[in-house]
Amino acid sequence: MIDRFFFQIFWRMFFLQVLWNFQRMQALGFFYVIKPCLEKLYSDPEERKKAFLRHTGFFNTHPYFASLIVGVVLRKEEEYSETGKEEILRDIKNWKLNLAGPLAALGDSLIWSLWRPLTAIAAIFLFFTGEDFPVYYPVLIFLVGYNLLPFFIRWRGLIEGYRYQEAVFKWLEGFSLPTIYNLLRLFGIALAFFLFVYLFFFSGFGIFSLIHLALLILFVILAHYVSVEVLFYLLVIIGFILGMVRA
Amino acid sequence: MNILTLSVLVGFLGLDNVKFGQFMVSRPLVVGAIMGLFSGNFPLGLRMGVLLELLWIRVIPVGTFYPPDTVITTALACLWTIVFSRLCPEGMFAFYALLGIALAIPVGIVYKTIQINDRKRASGYNRIIEEGIESGQPDLIDHFVRMSLLKDFAGGAFFFFLFYYGGYYIIKLIPCPSSALFLKGIDYAFYLLPLLGITQVLNSFLRKKK
C-alpha cells in the first residue's frame, strides 16, 4: 500500500536536514519525510497523533543513507497499522537507533570522504589537463558523476529498506564495499599525484621542483593539525617570499 | 547581470549546502562556474571555482560540524576577482584573486556563526511542533519547513549583497601594486595554490577508514 508513496517520500528526502538542530538533529526532517505515509496508514485521529509523536524524537544519520531507515520504518509502521502488535513499536524505535549509527559511519566514509573528493578531483584533473574538451566539461562531469551514486542510494535504499527491513545490511553487503572503497581511494591518490606532477614538475626538474615536493609533504602533515583557511594564508606568505627570491 | 540577481542566485545555491538536496551545486567548483557565467566571464569564474574547490575539497557540513560557508566565500571571491580584473591593467589577476579569497574567507566564517546560531534557535521548534501535533495541528511542520527555507535563502542573498559592496569599496581603496618584484611574489603565491589543494586531497585519501 505504502509503495505508492515512494515518489513523494523520495522527494521529501531532499528536505531531511531542513530543520536540523542541535537538540534532536534530523528528527523533524524525518517526521516531515514520513508524515504523508502516516496520514494514510492511520485514519483514527488518536492513533495518527501517536504515530506522529513516535517520530519527533532524536534522529541522526547520513542524509543519503537515511532512505534505508525510512524504508524499514515505513514497512514496520504498515505492519503495526495492520496488526496492532506492541512489539513492532519497540522494533521501530530500536531499529531507527540501531541503523542510524552504522549508516552514518558508512555514508561519512564512502560519500563525504571518498566519493565527493574523488569526483571533484577527477573534474579538476580534467580542467587542468583536458585542453581539448569544452570548458564546461569539468562542472558537468562533477555534477553528473557525483549525483549518480546519491540518487541510487536514496531511491534504491528506500525500496530495499522497505523490502529487507532489518536485514537491509545484506543488500549492502552484496556490493563488496571495502574492495570498492580501497580501489577508489587508490584511484584518488593516483589522480592527485599525477596532478601534482603535471602542475609542478611538467616544465622541468630543478631546485624549485624539490621545494614544491617539500611543501607538499609539509602541508600534508600540517593539514592534520591546522585548518585549510590558516594554511591558505600561510601558503600565500611562503609563495610570496619564494616568488621574490626566485625573481 | 546585476548584483541583486546574483544575490538571489547565491541565496538559492546556499540552500543546497545543508537544507535542501545536497546535490553539490553549493560546491565552489559549481558556484564559481555559475558566478562566472552570470557575470560574463565563465573561464575566470571556473578557474576560481577550481582553485577554491581544491582548497575546500575535504570540507563539508557534517552533523554538528559547520565549516566556513563555501557558497558565500566562493561567490564573493569570484565576483571581486572578475570585477577588479576588468578594471585594472593586465597581469593583475593573481593579485585580485588572492585578495578576493583572503577577504572572502573571514566573511564565510562570519556567515558560519550565523548558521550555527540558526541551528541553536531551531532546537525550540521541536517543542512547538510536538505541541502542534498534540493540539491537532500536525501541518505546522510544513509551515516551519517553508519558513526555514525562505529564511535561509533570504539570509544568504542579503549577506552576499551586503558584503559584496562592503568588500568592493575596501578593495577599491587598495592601490594597484606597481612593483615588479611584488607582483612576481604574488604570481608565484597564486601559482602554488593548487599545491595546497592537492595536499588536502592526499590528506583525505591517505587516511584509511576502518
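Residues numbered from 1 in each chain as written. Chains lettered and ligands numbered in written order. Predicted model: local features only at pLDDT ≥ 70, side-chain atom pairs only at ≥ 80, totals over all residues. Heavy atoms only, no water.

(A) Just the overall build of chain B, in detail. Helix and strand counts for chain B come out as 7 helices and 0 strands. Of the regular secondary structure in chain B, the N- to C-terminal order runs α-α-α-α-α-α-α. C-alpha extents for chain B along the principal axes are approximately 70 × 45 × 25 Å. Split into buried and exposed, the 210 residues of chain B put 62% on the buried side. Taking all contacts inside chain B whose residues are at least 6 apart in sequence as the whole, residues at least 24 apart take part in 79%. For chain B, the accessible area works out to roughly 8100 Å², and carbon and sulfur atoms hold 67% of it. (Helix = DSSP H or I, 4+ residues; strand = E, 2+ residues; numbered from the N terminus. Buried < 20%, exposed > 50% of the residue type's maximum accessible area, 1.4 Å probe, protein only. Contact = heavy atoms within 4.5 Å. Areas by Shrake-Rupley, 256 points an atom, 1.4 Å probe, with all protein chains shown as cover.)

(B) Broad picture of the packing of aromatic side chains. Scanning all chains against the criterion turns up 51 aromatic pairs over all chains. Taken together, the ring pairs in this structure connect Phe 6, Phe 7, Phe 10, Trp 11, Phe 14, Phe 15, Tyr 32, Phe 151, Trp 155 and Tyr 162 of chain A together with Phe 20 and Phe 23 of chain B into an aromatic cluster. Geometry around Tyr 32 of chain A places Arg 12 of chain A over its ring, the cationic atom sitting 4.1 Å from the centre. One cation-aromatic arrangement involves Arg 119 of chain B over Trp 20 of chain A; the distance from NZ or CZ to the ring centre is 4.0 Å. (Phe/Tyr/Trp six-rings, centres within 6.5 Å; stacked < 30°, edge-to-face > 60°. Lys NZ or Arg CZ within 6 Å of the ring centre and 35° of its normal.)

(C) Region of interest: the packing of helix H5 (residues 93-134) of chain B against helix H7 (residues 180-206) of chain B. Residue and element names in this part refer to chain B. Look at H5 against H7: their axes get within 9 Å of each other, and the N-to-C directions meet at 60°. As the angle between them shows, H5 and H7 are arranged oblique. H7 is crossed by H5, and the crossing has left-handed handedness. Here Phe 93, Ala 94, Phe 95, Ala 97, Leu 98 and Ile 101 of H5 come into contact with H7, specifically with Phe 182, Ile 186, Asp 187, Ala 189, Phe 190 and Leu 193. Grouping the constituent residues of the contact of H5 with H7 by class yields 11 nonpolar, no polar and 1 charged. (Axes fitted to C-alpha atoms, helices over the stretch in contact; angles between N-to-C directions. Parallel < 35°, antiparallel > 145°, perpendicular 65-115°, else oblique. Left-handed = near helix turned anticlockwise from the far one by under 90°. Nonpolar A, V, L, I, M, F, W, Y, C, P; charged D, E, K, R; others polar.)

(D) Looking closely at the environment of His 212 of chain A. Secondary-structure assignment places His 212 of chain A in helix H9 (residues 207-222). Sequence spacing of His 212 of chain A and Lys 35 of chain A is 177 residues, and the spatial spacing of their C-alpha atoms is 55 Å. In this view, His 212 of chain A contacts Phe 196 and Phe 200 of chain A together with Tyr 188, Tyr 191, Leu 192 and Leu 195 of chain B; residues no more than four positions away in its chain are not counted.

(E) Fine view of the pattern of salt bridges. Following the criterion strictly, the structure yields 17 salt bridges over all chains and no others. The salt bridge involving Arg 121 of chain B is made with Asp 118 of chain B; its shortest N-O contact spans 3.9 Å. Of the two residues, Arg 121 of chain B and Asp 118 of chain B are both situated in helix H5; the distance of 3 residues between them amounts to about one turn of the helix. Where salt bridges share partners, they join Arg 12, Lys 35 and Glu 39 of chain A together with Asp 139 and Asp 142 of chain B into one cluster. (Salt bridge = Lys/Arg side-chain N within 4 Å of Asp/Glu carboxyl O.)

(F) Focus on the interface of chain A and chain B. Across the contact, 80 residues belong to chain A and 77 residues belong to chain B. Summed over both sides, the interface of chain A with chain B buries roughly 7500 Å², with 75% coming from carbon and sulfur. Among the residues chain A hides against chain B, the three largest losses belong to Phe 22, Arg 116 and Phe 232 of chain A. Together they make up 9% of the total. The tally of links from chain A across to chain B stands at 4 salt bridges. One salt bridge connects Glu 130 of chain B with Arg 24 of chain A, and the closest N-O pair in it is separated by 2.7 Å. For the interface between chain A and chain B, the tally reads 23 residue pairs in polar contact (both at pLDDT 80 or more). Take the side of chain A that touches chain B: its biggest share by element is 14 residues, from helix H5 (residues 86-129) of chain A. (Buried area = accessible area lost by both parts, 1.4 Å probe. Polar contact = N/O pair within 3.5 Å; in protein donor to acceptor, adjacent residues only side chain to side chain.)

These values are about where atoms sit, not about what they do.
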